[in-house]
Amino acid sequence: MSEPRTGSRYELLLAREGVAESRAARDYYAIYPADEAEVKQEGKEEKDLVGYVHSYEVGSTVDGPGLRFVAFLTGCLLRCQFCHNPDTWHLHNGHPITVSRAMAQIAKYAKVLKISKGGVTLSGGEPMVQKPFVTRIFRHCKELGLHTCIDTSGRLGDRMTDAELMDIDLHLLDIKSGDPDTYKKITNQPLQPTLDYARRLSALGRPMWVRFVLVQGLSDDYDNVEKVADVCAELKSLERVEILRFHQMGREKWHKLGLTYPLENVEPPDAALTERVRGQFRSRGLTVY
């Protein structure tokens, strides 16, 4: 069994199995059954449950509070135009690792994570593709006294039970657009599951930070931003909104995978546009970064 690598989320990493599948696939952009179906592992002992991990970083300060141990899991249904991790779209592009081995790695850093008031973040890809692995990791992290965080689009939120959500201390919830048509254009997926999940978290009182990626000519339309801000204003457990300025750091991965990058000539938003968008959220009394 191979080990996921520590390093940067911006490195192109493909596991051997993922390389073979990619070569055999006629369309890398497509969603295949293995990507869409919930990973089933009946009959395995908990410690032997396997997750697929692209890579992990230790010491991140941008994936939740404090210093974070961040694992990037593979498998995702979204095909976001600005995705900087297209090598996480397909499940088997990750390196397989058991729950026990993953927790042994996390445990090495438990003390410093606690001291820094940080914890463990599972990102992706979309972690909820691998719900059995994710829920076991979070349960064991709570047993170690670690803060837990998930970076998710909420697209598969209905896979999570209310009890399982209690082991997640913070959701980094990505809301790409407030308009269904724009959301579909950006992600190739429907908006409604994300809205349903956000409102469910609010009703349960589960803390969340909403992340909105600002892209000129794609998500920056005034009315689109207003709709996202209106949704955020409804969420009682929302702690902050993060405006993430589009960047081109994922472009080379698209090229290396033989994909046409749809935002090839798009520049990052300037200061004036960024401040306008922040102001739209602040006008609802929201805390904005």
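Before reading further, recall that the structure is shown in the block above.
S.K.: I'd love a proper account of the layout of surface pockets, names of residues and values included.
M.R.: Within this model, the largest pocket holds a volume of roughly 770 Å³. When residues of the lining of the largest pocket are assigned to their parent elements, the largest contribution, 4 residues, is made by strand β9 (residues 238-245). Grouping the amino acids of the lining of the largest pocket by side-chain chemistry returns 14 nonpolar, 9 polar and 9 charged.

S.K.: Outline the packing of helix α3 (residues 99-107) against helix α5 (residues 131-143), listing residues and values.
M.R.: Where α3 contacts α5, the axes come no closer than 10 Å and their chain directions differ by 40°. Between α3 and α5, the angle is such that the two are oblique. In this structure, α3 crosses over α5, and the sense of that crossing is right-handed. Of the residues in α5, those in contact with V99, A102, M103 and I106 of α3 are F133, R136, I137, H140 and C141. Considered class by class, the residues forming the contact of α3 with α5 number 7 nonpolar, 1 polar and 1 charged.

S.K.: Please set out the packing of aromatic side chains residue by residue, giving values where relevant.
M.R.: All chains considered together, the criterion is met by 7 aromatic pairs. The interplanar angle of 90° and the centroid separation of 5.4 Å between the aromatic rings of W89 and W254 together place this pair among those described as edge-to-face. With W89 in the loop between β3 (68-73) and β4 (95-98) and W254 in helix α10 (residues 251-256), this residue pair connects regions lying 165 residues apart in the sequence. In terms of burial, W89 and W254 fall into one category: buried. Joined through ring pairs, the aromatic side chains of Y28, Y29, W89, W254 and Y261 make up one cluster. Just above the ring of W209 sits the side chain of R240; from NZ or CZ to the centre is 3.9 Å.

Cut-off values and rules
- Residues numbered from 1 in each chain as written.
- Predicted model: local features only at pLDDT ≥ 70, side-chain atom pairs only at ≥ 80, totals over all residues.
- Heavy atoms only, no water.
- 1 Å grid on protein atoms, 1.4 Å probe; cavity = no way out; pocket = protein on both sides within 12 Å on 5 of 7 lines; lining within 4 Å.
- Points joined across faces, edges and corners; volume = space filled by probe spheres on them.
- Helix = DSSP H or I, 4+ residues; strand = E, 2+ residues; numbered from the N terminus.
- Nonpolar A, V, L, I, M, F, W, Y, C, P; charged D, E, K, R; others polar.
- Axes fitted to C-alpha atoms, helices over the stretch in contact; angles between N-to-C directions.
- Parallel < 35°, antiparallel > 145°, perpendicular 65-115°, else oblique.
- Left-handed = near helix turned anticlockwise from the far one by under 90°.
- Contact = heavy atoms within 4.5 Å.
- Phe/Tyr/Trp six-rings, centres within 6.5 Å; stacked < 30°, edge-to-face > 60°.
- Buried < 20%, exposed > 50% of the residue type's maximum accessible area, 1.4 Å probe, protein only.
- Lys NZ or Arg CZ within 6 Å of the ring centre and 35° of its normal.

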